[in-house]
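# Summary of structural features
The lines below spell out each chain.
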Amino acid sequence: MPIAAAKKSPTVRRAGPNPPSSATGRPLRVCMIAYSFYETDNRVMRYAETLARRGDHVDVLALQRDRLPREEVLDGVYVSRLQRREVNEKGKFSYLGRIAQFLIRAMFHVSARHLRQKYDLIHVHSVPDFLVFAAWLPRISGTPVVLDIHDILPEFYNSKFGTRPDSLAFRFLQRVEKVSGRFSRHVIVANHIWQERLLSRSIEPGKCTVVLNSPDRSIFTKGGGTPAGDGRFSLLYPGSINWHQGLDVAIGAFGKISGQVPHVDFHIYGEGPLKQDLLSLVQRLNLEGRVFFHKPIALREMAKIIRTADLGVIPKRKDNFGNEAFSTKILEFMAVGVPVVVSDTMVDKYYFDDSIVRFFQAGDEEDLARCLLELIRNPESRRLQAEEASRFIDENDWTSKQHEYLELVDGIVASQASQ
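Cut-off values and rules
- Numbering of residues starts from 1 in each chain and follows the order in which that chain's sequence is written.
- Where totals are concerned, whole chains, interfaces and linings use all residues; where local detail is concerned, this predicted model gives features only for residues with pLDDT of at least 70, and gives and counts side-chain atom pairs only at 80 or more.
- Side-chain measures were taken over the full set of non-hydrogen atoms in the model, leaving aside hydrogen atoms and water.
- To pair, rings of Phe, Tyr and Trp, with the six-membered ring standing in for Trp, must have centres within 6.5 Å; the planes then decide the type, stacked if under 30 degrees apart, edge-to-face if over 60, and tilted in the middle.
- Helix and strand definitions here come from DSSP, where helices need a minimum of 4 consecutive H or I residues and strands a minimum of 2 consecutive E residues; each element is numbered from the N-terminal end.
- For the exposure calls, accessible area comes from a 1.4 Å probe over protein chains only, and a residue counts as buried if that area is under 20% of its type's maximum, exposed if over 50%, partly exposed in between.
- Values of pLDDT, the confidence the predictor places in each residue, fall between 0 and 100.
- By definition, residues are in contact when any of their heavy atoms lie within 4.5 Å.
- Only C-alpha atoms enter the line fits that serve as axes; for helices the fit covers just the stretch in contact. Angles between N-to-C directions range over 0 to 180 degrees.
- If an angle is under 35 degrees, it is roughly parallel; if it is over 145, roughly antiparallel; if it lies from 65 to 115, roughly perpendicular; otherwise it is oblique.
- Crossing chirality is assigned from the near helix's rotation relative to the far helix, an anticlockwise turn below a right angle marking it left-handed and a clockwise turn marking it right-handed.
- One speaks of a salt bridge when a side-chain nitrogen belonging to Lys or Arg is within 4 Å of a carboxyl oxygen belonging to Asp or Glu.
- Polar here means any residue outside two lists: the nonpolar Ala, Val, Leu, Ile, Met, Phe, Trp, Tyr, Cys and Pro, and the charged Asp, Glu, Lys and Arg; Gly therefore counts as polar.
- Whether two strands pair depends on DSSP finding at least two bridges between them.
- Note that the arc is computed from the directions linking the helix axis to the C-beta atoms.

## Some details on the packing of aromatic side chains
- Within the structure shown, the criterion is met by 12 aromatic pairs.
- Where phenylalanine 326 meets tyrosine 351, the ring centres are 5.1 Å apart and the plane angle is 70°; that geometry is what we call edge-to-face. One end of the pair, phenylalanine 326, is in the loop between β12 (311-314) and α10 (328-336); the other, tyrosine 351, is in helix α11 (residues 346-351), and 25 residues separate them in sequence. Summarising the burial analysis for this pair, phenylalanine 326 and tyrosine 351 share the class buried.
- Ring plane angle 80° and centroid distance 4.7 Å describe the contact between tyrosine 350 and tyrosine 351, whose orientation is recorded as edge-to-face.

## A closer look at the confidence of the model for the protein chain
- A residue-level look at the protein chain finds 91% of positions with pLDDT of 70 or above and a mean pLDDT of 89.
- Taken as a whole, residues 1-16 scores under 50 in pLDDT and shows 40 contacts with residues more than four places along the chain or in a different chain.

## Some thoughts on the packing of helix α4 (residues 153-161) against helix α5 (residues 168-183)
- Viewed as axis vectors pointing N to C, α4 and α5 meet at an angle of 150°, and their least axial separation amounts to 8 Å. What the angle tells us is that α4 and α5 run roughly antiparallel. The chirality of how α4 crosses α5 is right-handed. Between α4, through Leu153, Pro154, Glu155, Tyr157 and Asn158, and α5, the contact on the second element is made entirely by Ala169, Phe170, Leu173, Gln174 and Glu177.

## Some points on the pattern of salt bridges
- This structure, assessed with the given rule, holds 33 salt bridges.
- Two residues, glutamate 324 and arginine 197, come together in a salt bridge whose shortest N-O distance is 2.4 Å. With glutamate 324 in the loop between β12 and α10 and arginine 197 in helix α6 (residues 192-201), this residue pair connects regions lying 127 residues apart in the sequence.
- In this structure glutamate 324 comes out as buried when scored by relative accessible area, which is 5%.
- A salt bridge links aspartate 348 to lysine 316, with the nearest nitrogen and oxygen atoms 3.3 Å apart. Linking aspartate 348 in helix α11 with lysine 316 in the loop between β12 and α10, this pair joins segments that are 32 residues apart in sequence. Lysine 316 shares its class with aspartate 348; the two are buried.

## So, helix α7 (residues 247-257)
- In terms of burial, α7 is largely enclosed, as eight of its 11 residues are buried.
- Of the residues making up α7, those classed as buried are Leu247, Val249, Ala250, Ile251, Gly252, Ala253, Phe254 and Ile257.
- Buried residues along α7 sit against β9 (233-238), β10 (264-269), α8 (275-284), β11 (291-294) and α12 (365-377).

## A look at the packing of α10 against helix α13 (residues 379-394)
- Running from amino to carboxyl end, α10 crosses α13 at an angle of 110°, the nearest separation of the two axes being 8 Å. Compared by their axis directions, α10 and α13 come out roughly perpendicular. Contact with α10, carried on its side by Leu331, Met334 and Ala335, involves Ala389, Phe392 and Ile393 of α13 and no other residues of that element.
- Class assignment for the residues of the contact of α10 with α13 results in six nonpolar, no polar and no charged.

## Overview of the environment of valine 176
- Residue position: valine 176 is located in helix α5.
- For valine 176, a relative accessible area of 14% puts it in the buried group.
- Separated by 47 residues in the primary sequence, valine 176 and aspartate 129 place their C-alpha atoms 7.7 Å from one another.
- Excluding residues that lie within four positions of it along the chain, valine 176 makes contacts with Asp129 and Phe130.

## Considerations on the pairing of strand β3 (residues 71-74)
- Across four bridges, β3 lies against strand β4 (residues 77-84) in antiparallel orientation. Residue pairing in the sheet places valine 73 in a bridge with tyrosine 78 of β4.
- What sits between the antiparallel neighbours β3 and β4 is a turn of two residues, in which aspartate 75 has the positive phi angle 50°.

## Notes on α8
- Along α8, the positions that sit buried rather than exposed are Lys275, Leu278, Leu281 and Val282. With its buried residues spanning 115° around the axis, α8 presents them on a single face. Summarising the geometry of α8, the exposed residues directed more than 90 degrees from the buried face are Gln276, Gln283 and Arg284.
- Close packing links the buried residues of α8 with α7 and β11.
- Within two residues after α8, asparagine 286 carries a phi angle of roughly 55°, on the positive side.

## Thoughts on the pairing of strand β6 (residues 145-149)
- Counting buried positions over the five residues of β6 gives five, a clear majority of the element.
- Alternating residues of β6 divide into Val145, Leu147 and Ile149 and Val146 and Asp148, and every residue in both groups is buried.
- One ladder, built from five bridges, connects strand β5 (residues 121-126) with β6; its direction is parallel. Residue histidine 123 lies in a different strand from β6, and its bridge partner there is valine 146.
- Sheet analysis places β6 next to strand β7 (residues 186-189), joined by four bridges and oriented parallel. In the sheet register, valine 146 faces β7, and the bridge partner there is histidine 186.

Here you go:
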């Protein structure tokens, strides 16, 4: 099914055609706020660079990883890293405490910058959705605020901390979702299933737009990777290490076939609270030297790694969150020509069919092992699947979809200016 309507000198890489200039006839001043690492967040980076390429001024307030500088200009985008974060929260209070600290810091930064020179738009990325309140000062002075829901918060919280859908916390987060939506001029959401959910419980009709995680083909290009050259076959998972991602299922499935395919290695790029548990699982299954964990790396470097893979795997569970969370990595594998095995979640069955991905029954190690083995042993099947996926992605990459985002931004800013 096709995707339906998704302080140093700057080093600017312009790998594709520049978007058209703002409908206002002048460059916009935009601030993006994201409780994430900008250099690895495809969605935030894609928006920011698209605006910067057409001449808009874009500030991003984000998290800091490792030894990256606090202030940096990346491809014309002014990035401020406000706070360090280790992606290891297993407790609700440590998770909430770090977010609250970031919200306060973001509020002071965006307010101070807005007072010096007014922003035309504040674009806030969730989770959490209540991060929009960091922009209260720009909002009361007339600047529209857009809330971009990457992951729907009540379901995300339930999956991360194992609470129930009928719990007090879930109902409270639904209320927060509604208040955050009302505070915002417009809401962007990452897939159509979540759009229907938000419209049914939190967001007014006409106020919610879907923008999918379409890959930027100036980053995710075919070819250019450097294979190991040692005859090894690379199975790859890039992403967060949370329970709903189902990596324990993938490692278990790989363990079942590892003896039959001694030339295959499984590489995992990411961090998360379950990493230590997965390391223990690898040890119990005697898969040391076959399953490798790597730290997250910047998006452009990750694209090079993905190009070297032979097969991707996205093993999400069908829990209340994973069943509906759309993985951007599937489209990134497609963009570089790598076939991918995907669990049969509702959201992935909504967008894809068996010609462009290989589905397995979510949570089923035996079925995943069977699918992996079939594709590892059959290069022709991998080639045909990659070809079908390539035709699909040609119609649904960011080049073909960016105008939807730009028109939305310009419409919101123009509407505010006319009031």
